[in-house]
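Here's the letter readout for the chains.
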Amino acid sequence: MKEWQPKILAFLCNWCSYAGADLAGVSRIQYPPNIRVIRVPCSGRINPISIMKCLQNGFDGVLVSGCHPGDCHYITGNYYARRKFAVLKTLLEFIGIEPGRVQFSWVSAGEGEKFAEVIKKVTEDVKKLGPAKKLVKI
Amino acid sequence: MSSNAPNKSVLVVGAGIAGIQASLDLAELGADVHLIEETPSIGGRMPQLDKTFPTNDCSLCILAPKMSECARHPGITLHPCSSLTSISGEPGNFVCEITEQAKYVDPEKCVACGLCEQKCPTKVVDEFDMHLRKRKAIYRYFLQSIPSNYVIDAEHCLYLTKGACRLCEKICEAHAINFEDKDKVISLNCGAVVLSSGIDPHDPIVHAQYGYKRFKNVVTSLEFERMLSASGPLMGHVTVPSNGKEPKRIAFIQCVGSRDVENKNDYCSSVCCMYAIKQAIIAKEHIKGLEPTIFFMDIRAFGKDFDKYYERAESQYGVKFVRSKVARISESNGGTLRLRFSQENGKRKEEDFDMAILSIGLEPRKKMEKFADCLDIKLDEYGFARTSLFEPLNTTKDGIFVCGAMSGPKDIPESVMSASGAVAECTKFLALERQEKVSKKEFPPEKDVIGDRPRVGVFICHCGINIAGVVDVPQAVDFAKNLPNVEHTEDLLYACSQDCLDTIKEKIKEHNLNRVVVASCTPRTHEPLFRETLREAGLNQYLFEMANIRDQCSWAHMNEPELATEKAKDLIQMAIAKARNLVPLKRLPIDINPKALVIGGGLAGMTAALVVARAGYEVHLVEKDSELGGNLKDIYSTLEGDDPQKLLQETIKEVKENNSITVYTNAKIEEIAGYIGNFKTKVKTGNKKSEIEHGIVVVATGAKEYETKEYLYGKNKRVVTQLEFEKLLHTEKIKEYKPRSIVMIQCVNSREEERLYCSRVCCGAAVKNSLKLKEIYPSADIYVLYRDVRTYGLKEKYFGTARDKGIVFIRYDLEHKPQVEPMDKDNPDSKLLIKTMDPILDAQVVIEADLLVLSVSIDALQENKELAKLLKVPLNADGFFLEAHVKLRPVDFATDGIFVCGLAHGPKYIEESMVQAKAAASRALTILSKKTIEAEGTICWVNPDKCSGCGVCVEICAYSAIELNEEGIAEINEALCKGCGACTASCRSGAIDLRGFTDDQIFEAVNAVEI
Amino acid sequence: MENIEKQLRETVKKLLKEKKVDLVIGYSKGTLPLHSTPVFITHEKDVDNLIFDATCGNNLAKYLGKSRKPKTKNRKPIGIIVKGCDGRSIVQHIVENQIKREEIIIIGVPCDGVIDTRKLEEKVGRKEVLKYQVEGEKIIVEGKDFKNSLKKKEILSDSCLMCKYPNPPVYDIFVGEPVPVNENRKPNTDNLESLSPDKRWEYFEKEISKCIRCYACRNACPLCYCEECFVDQSGPQWFGKSPDLSDTMIFHIVRTLHTAGRCVSCGACTRACPTGVNLAPLGIRMEKEIKDRFGYTAGLDTEATPPMADWNENDKQEFIM
């Protein structure tokens, strides 16, 4: 039997994290093929509703990645995102969603290696948790 | 044709950040720019840097968008691997000879797949990575190079040197290798030339005492920067070169090759203190428990917000600062380095470190002399391009300008400012007209697709074997074929090659496609190309979506072809789902009123006004005082010997005589409404009120000397400020004081908790006025009590002169501030006794002074707050105007159409204010020179029926693009929106959406993935 | 209490008489014992209907409406009777541009807490309470064939037991004596947080599965004033509208996110719920997080920037890789 492969949705900001993901590829740094990427202009564009939608659809994990604080192409977008995600993460964990399901990272355009590390970690975490059940609409 | 025909062409030499900025500004003004660069890529030094101070911004993240903008701009032609060999002719009509080296790779054909690099057998040390890594003989200068194509290093290529190999040619499926390529000489006819060829790092081999190259663990700061870089040879994991372990203790040695009389580098490199602090902070962030120590003479944190960074490094990060010049380094067993140094009190000390980083200075390029000869320009005593103080962007030859560090050490924002400033100087030699159209290229009319059922065309790229070698492309094609709304699916060998682009255009027509998906590489580099193809085919460019199945799929999952194929299919399906929901977007044209408002009639404001007026645009110059001149009225001399009063009078005269400038004195701005291109401002002068319509705003409101209460100021007439002292010196009044002994105290109210910033000019002013006093009273004793002497850049030389003349510099620190008391307690104006701790003598010294001069801080104006509110632009914590980006947009605000210069932005010298004013003016000209500009296409819009007027979006928008209207409903100013979507994601009622990244599109993309 | 009601009626009468307001929002007796109902007083003669006691659980800020509608532009200020939590909700309305400070006259009353009828039911069973009387810390409830003396804190709303703001922070007139503030109180969900994530999930699953999607919680909430709630949207219709557990759970999660940094934990949602879903812990947990993380307490300062529309360079980011 084939090993179960989780599916993880990754929202990446165009200017840093998406560029970091590109750099990982250009540098041929290998990472697990479990992510499906949605490119957005800024981590500030990511509405928690869309993260909830991913969880409802059965994605086993969701990653949101933006520019490091101070690097935001839109000056402050990631600062607002950081507040939104802090609150979302607390609430999801309070309700009993496993901490590894929804994760966040800052990856700059120069951090191809870090991008790969982040994907490795998220994939491993999600694999350990097993297929998502809570919140999934059957 | 007469050779005197007006010329729109301009040559920019050197594509570092200064050259890039100059090219972008010139091209925006409508010039035809030729940007030449010696290396195979534009970018210069910045891509080598990991982070930038004082914000720790990722250097590449902020530079890359400018690089691609530069490469894409229709007004800029890039000439990589090229150098300027000669210039002849006259300003306005130069003939420039350029040698373009053979690259042996056809940039039109190369798709940068990298197969050649894998095959190439020859390894060469990599100069970009400071020799810390090897590259191949066919290579890219760095991973994010622009242009992105490979080049062959002829010096090392086996075939080109020994006549055998050609492996790259065999593997290249794009047939891009061309061993027949030859060096070319091109001749360009240009109206003006901008030189921006930068600097070289100092080679520390001459400092035998530090053992560079002898001791493995002694590295230069630039090498260390590459080590720190996440994309560098160590992937950011710094290790000790001798043993590969993480270092515990590292030492930074400052002023290696700077402030060094012995090696004839008696100037300050201006940037090393800050980059050492930055590297120490970043290294500490990388390595837990790391103990960095910085050995320095003075910490020169003179720039905006630098002192706060310095303070944070010490208090928050625990970076240790030791005021000492390291005498020598020796190596003990295992590679540990022993540093010997004298402490300030003369006591010797030794400490061991795992690594030593030499903070090497900035030097003129090695070939400068020859280069200067070819161009017939003169160099200064160090070998930097010679300029004069008040014309810091002019070389000694008319029509040839200089920017960046080529004329002396500069950090990034100063280089950017000088680049934009040089553009202002160029304009008088270029025949530029107001630009009618936004785009230079003609496209067929766009087909109306609204209401049509989506007909999606899907093109899946093999990218040679880059994608197809991992992802099963035929399987992906079969999969895509059967998805809803997909009318046509096709695989292409190289989607970006011209023949494939033609195929896409044909298929759009043949199948009446109204949405296009290309699954290939990254939209970051290729989206513009495909969008243009859609336009050529008569489709709106926003009806396009990409699936990144190379950079983020085949290249990252090379050993898992099946899973990579699954992922690619999902990514394609997501792209199709989004494409179905794409709608055509318009870029709203915004008319530009070709008039400028300049606020502030000091030197910066007048300089900016003159640049704009000389270019033929109307300027309204608003000054709150009764006369023009600002702070410059109180400056009587400069360190370099130039006459500021003459400059002032000439500038005022030119302003008054220029018919395009309307001056308002005793004026107050009461209201500013509108946005880029269309401002309306109400100005009150006396009882008269006028309304000005204008397209841009330059803020040049200045600053003032702080009204201090320290050190008996205001109580004893022998205590004066540095500005007052300067006035005394230039009148007879100084005689009244019979100055035999005078004391100056530096950093009064600067660099303390309330004003934790350096006022930048006071050290220079103290040196200047000390030297002046010495001229008048050679026997006078002068004591300067300082915290750090910050005579940065080429001003360092005068600090040396002052010491040679016997002026005594005594350091104090905040814990032991000097004590001042009157000698005669009953006489309020008696001579003064100044007591201070001398750290060298390690004892208190007492000085009798006839005069005490206080170098008081430069303070932001209180009125800034009001103006900032009117303009909706931010101030920093100290009350100075905060630019859009401290590194790369030093004169712009985040809000388009508003610019800043002079002391309003932060303390600076006269010449720096002038450069910044010219920069602000030329940034303003990039707007004024267009009849219309285009707003972004991917911007936000409000559904008024859903808006409940809570105002979260208004708070959040970084560009002041949202306001609540009279009904309390949010409205977006399309001219200001940058399309980040922060408002969209924060709107609870879903009333705002972001075009191009709509909720619907994200929803459909999420739903497209089958779990 | 009676004393307060007397003073309250006099105050309102005076306001109406002096034409300072032409409408006062307050409470009157409901049709059932231990229930009150919001009342809109426009005439002096109706003033005696006003009550204020531990049954006044509605958050009256809900009834203010919006100032920006042009038709309401020239009206006189509205008088509104507010407990601590209602007062804080009004502050939020001012912060969020829903009403202007000068458009309302805030009549503050001290609040000892309001009764959670569901808790009462647990104590007395499904019996009809006909009469009740408050005696210090006790409440005596009487029905057809029973009389119980209950400790007040046993039947007060959970939110009230944690309330640190029993008196409105902003008011024009204050009626009665302010309730002493218990500084030791703070938002607390420790009992739930001591459970394992799976146990918590079980708890919330059980609670939320009671939800019938009637939206009484949303209708009672002073902050749910969106023109269109996200669950009612189409284009995209993010989530389903039926009482499917996933859809319902997400409705409550997102509603909690939307009220984060604004919710004052008045408990009106929980008290309004006909099926007894205990929603209060969600809001309380958020209130705690917003306070700990951003140092912000909702509903205290009319000039404040809402925490979710604000940022600080040094915001904690321990959860970000």
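Predicted model only: the values in this text are computed from it and were never measured. (Residues numbered from 1 in each chain as written. Chains lettered and ligands numbered in written order. Predicted model: local features only at pLDDT ≥ 70, side-chain atom pairs only at ≥ 80, totals over all residues. Heavy atoms only, no water.)

Trainee: Let's hear about the overall build of chain C: which residues, and what values?
Mentor: A tally of helices and strands in chain C yields 11 helices and 9 strands. Dimensions of chain C, computed from the C-alpha atoms along their principal axes, are close to 60 × 55 × 40 Å. The buried share of chain C, reckoned over its 321 residues, is 55%. Contacts spanning at least 24 positions in sequence make up 69% of the contacts within chain C whose residues lie at least 6 apart. In the structure as shown, chain C presents an accessible area of about 14900 Å², 48% of it carried by carbon and sulfur atoms. Distance from the positive charge centre (51 side chains) to the negative charge centre (47 side chains) of chain C: 3 Å. (Helix = DSSP H or I, 4+ residues; strand = E, 2+ residues; numbered from the N terminus. Buried < 20%, exposed > 50% of the residue type's maximum accessible area, 1.4 Å probe, protein only. Contact = heavy atoms within 4.5 Å. Areas by Shrake-Rupley, 256 points an atom, 1.4 Å probe, with all protein chains shown as cover. Lys, Arg positive; Asp, Glu negative; His and termini not counted. Charge placed at Lys NZ, Arg CZ, Asp CG, Glu CD.)

Trainee: Can you explain the overall build of chain B? Please cite residues and give values.
Mentor: The helix and strand tally for chain B stands at 25 helices and 52 strands. The C-alpha radius of gyration of chain B comes to 31 Å, within 12% of the 30 Å expected for a compact globule of 1011 residues. With respect to the principal axes defined by its C-alpha atoms, chain B has extents near 100 × 80 × 65 Å. Counted over contacts in chain B with a minimum sequence separation of 6, partners at least 24 positions apart contribute 70%. (Rg over C-alpha atoms; globule rule 2.2 N^0.38 Å.)

Trainee: Can you lay out the nonpolar core for me, pointing to particular residues and giving the numbers?
Mentor: By size, the foremost hydrophobic cluster in this structure holds 141 residues, and its most contacted members are Phe 11 and Met 52 of chain A together with Ile 460, Ile 549 and Ile 572 of chain B. Sequence-distant contacts of Ile 549 of chain B, that is, excluding residues within four places in its chain, are made with Ile 460, Cys 461, Ile 467, Val 471, Ala 519, Ser 520, Ser 554, Ala 568, Leu 571 and Ile 572 of chain B. Within the second largest apolar cluster, 126 residues are counted, among which are Ala 31, Leu 35, Ile 676 and Ile 933 of chain B. (Core = buried A, V, L, I, M, F, W, Y, C linked by side-chain atoms within 4.5 Å.)

Trainee: Give me the sheet that holds strand E22 (residues 355-360) of chain B: which residues, what numbers.
Mentor: All names here are of chain B. Across the sheet, 5 strands lie side by side as E15-E22-E16-E17-E18; this open sheet has parallel pairing. Every other strand in the sheet has two partners, leaving strand E15 (218-220) and strand E18 (320-323) as the edge strands with one partner each. Taking the axes of each pair of neighbouring strands and ignoring which way they run, one obtains an average angle of 25 degrees across the sheet. Relative to E22, E15 runs parallel, the two sharing 3 bridges. (Pairing = 2+ DSSP bridges. Axes fitted to C-alpha atoms, helices over the stretch in contact; angles between N-to-C directions.)

Trainee: Any chance you could break down the sheet that holds strand E42 (residues 819-822) of chain B for me, citing the residues and the numbers?
Mentor: Residues and elements named next belong to chain B. The strand order across the open sheet formed by 3 strands is E42-E43-E44, and the pairing between neighbours is antiparallel. Every other strand in the sheet has two partners, leaving E42 and strand E44 (843-849) as the edge strands with one partner each. Along the sheet, successive strands turn relative to each other by an average axial angle of 20 degrees, direction set aside.

Trainee: Describe the interface of chain A and chain B, and please don't skip the residues or the numbers.
Mentor: Facing 55 residues of chain A, the contacting portion of chain B comprises 62 residues. Residues Asp 993 of chain B and Arg 45 of chain A are paired through a salt bridge, measuring 3.7 Å at the closest nitrogen-oxygen approach. The tally of links from chain A across to chain B stands at 20 residue pairs in polar contact (both at pLDDT 80 or more). Residue assignment for the side of chain A that touches chain B shows that the elements contributing at least two residues are strand E1 (8-13), helix H1 (17-26), strand E2 (35-40), helix H2 (48-57) and helix H3 (77-95) of chain A. Sorting elements by how many residues they give to the side of chain A that touches chain B places H1 of chain A first, with 7 residues. (Salt bridge = Lys/Arg side-chain N within 4 Å of Asp/Glu carboxyl O. Polar contact = N/O pair within 3.5 Å; in protein donor to acceptor, adjacent residues only side chain to side chain.)

Trainee: Could you give an account of a positive patch on the surface, with specific residues and numbers?
Mentor: Taken together, the side chains of Lys 123, Lys 138, Lys 151 and Lys 153 of chain C define a basic patch exposed on the protein surface. Along the chain, Lys 123 of chain C falls in helix H3 (residues 117-124). (Patch = residues over 30% accessible without salt bridge, like charges linked within 9 Å, V, L, I, M, F, W, Y side chains within 5 Å.)

Trainee: Give a description of the interface of chain C and chain B that names residues and reports values.
Mentor: Between chain C and chain B, the contact holds 22 residues from the first and 20 residues from the second. Taken together, both faces of the contact between chain C and chain B bury some 1800 Å²; the carbon and sulfur share is 55%. The tally of links between chain C and chain B comes to 2 salt bridges. Note that Lys 946 of chain B is salt-bridged to Glu 228 of chain C, the shortest N-O span being 3.1 Å. Where chain C meets chain B, there are 5 residue pairs in polar contact (both at pLDDT 80 or more). When grouped by side-chain class, the residues that make up the side of chain C that touches chain B number 9 nonpolar, 7 polar and 6 charged. (Buried area = accessible area lost by both parts, 1.4 Å probe. Nonpolar A, V, L, I, M, F, W, Y, C, P; charged D, E, K, R; others polar.)

Trainee: I'd like to hear about the pattern of salt bridges, residue by residue, with values.
Mentor: Residue and element names in this part refer to chain B. Counting across every chain of the model gives 110 salt bridges over all chains. One salt bridge connects Asp 25 with Arg 923, and the closest N-O pair in it is separated by 2.7 Å. Pair noted here: Asp 25 is in helix H1 (residues 17-28) and Arg 923 is in helix H22 (residues 910-928), with a separation of 898 residues, a long-range link. Since its relative accessible area comes to 1%, Asp 25 is described here as buried.

Trainee: Hey, could you go over the side chain of Glu 883 of chain B for me, with residue numbers and the actual values?
Mentor: All names here are of chain B. Here Glu 883 lies in the loop between helix H21 (863-871) and strand E47 (898-900). Accessibility expressed as a relative area gives 6% for Glu 883, which makes it buried. With residues near it in sequence (within four places) discarded, Glu 883 still touches Lys 304, Arg 889, Pro 890, Asp 892 and His 905.

Trainee: So what's going on with the side chain of Asp 315 of chain C? Residues and values would help.
Mentor: Looking at where Asp 315 of chain C falls in the secondary structure, it is placed in the segment after helix H11 (280-294). Among the polar contacts listed, one links the side chain of Asp 315 of chain C to the side chain of Arg 83 of chain A, at a separation of 2.8 Å.

Trainee: Help me get a handle on helix H25 (residues 999-1008) of chain B, residues and values and all.
Mentor: Burial within H25 of chain B is extensive, with 7 of its 10 residues counted as buried. For H25 of chain B, every residue scored as buried is listed here: Asp 999, Gln 1001, Ile 1002, Phe 1003, Ala 1005, Val 1006 and Ala 1008 of chain B. Here the buried face of H25 of chain B lies against E1, E2 and H2 of chain A together with helix H15 (561-580), helix H24 (982-986) and strand E52 (992-994) of chain B.

Trainee: I'd like to hear about the packing of aromatic side chains, residue by residue, with values.
Mentor: Applying the stated criterion across every chain yields a total of 34 aromatic pairs over all chains. Ring centres of Phe 1003 of chain B and Trp 238 of chain C lie 5.3 Å apart, and the angle between their planes is 90 degrees; on these two criteria the pair is classed as edge-to-face. One end of the pair, Phe 1003 of chain B, is in helix H25; the other, Trp 238 of chain C, is in the loop between helix H8 (216-220) and helix H9 (245-259), on a second chain. Of the two residues, Phe 1003 of chain B and Trp 238 of chain C, neither departs from the other in class, the shared state being buried. Among the aromatic residues, those joined into a cluster by ring pairs are Phe 53, Phe 302, Phe 306, Tyr 792 and Tyr 909 of chain B. Over the ring of Tyr 139 of chain B we find Arg 135 of chain B, and its NZ or CZ is 3.6 Å from the ring centre. The cationic tip of Lys 887 of chain B hangs over the ring face of Phe 53 of chain B; the distance from NZ or CZ to the ring centre is 3.9 Å. (Phe/Tyr/Trp six-rings, centres within 6.5 Å; stacked < 30°, edge-to-face > 60°. Lys NZ or Arg CZ within 6 Å of the ring centre and 35° of its normal.)

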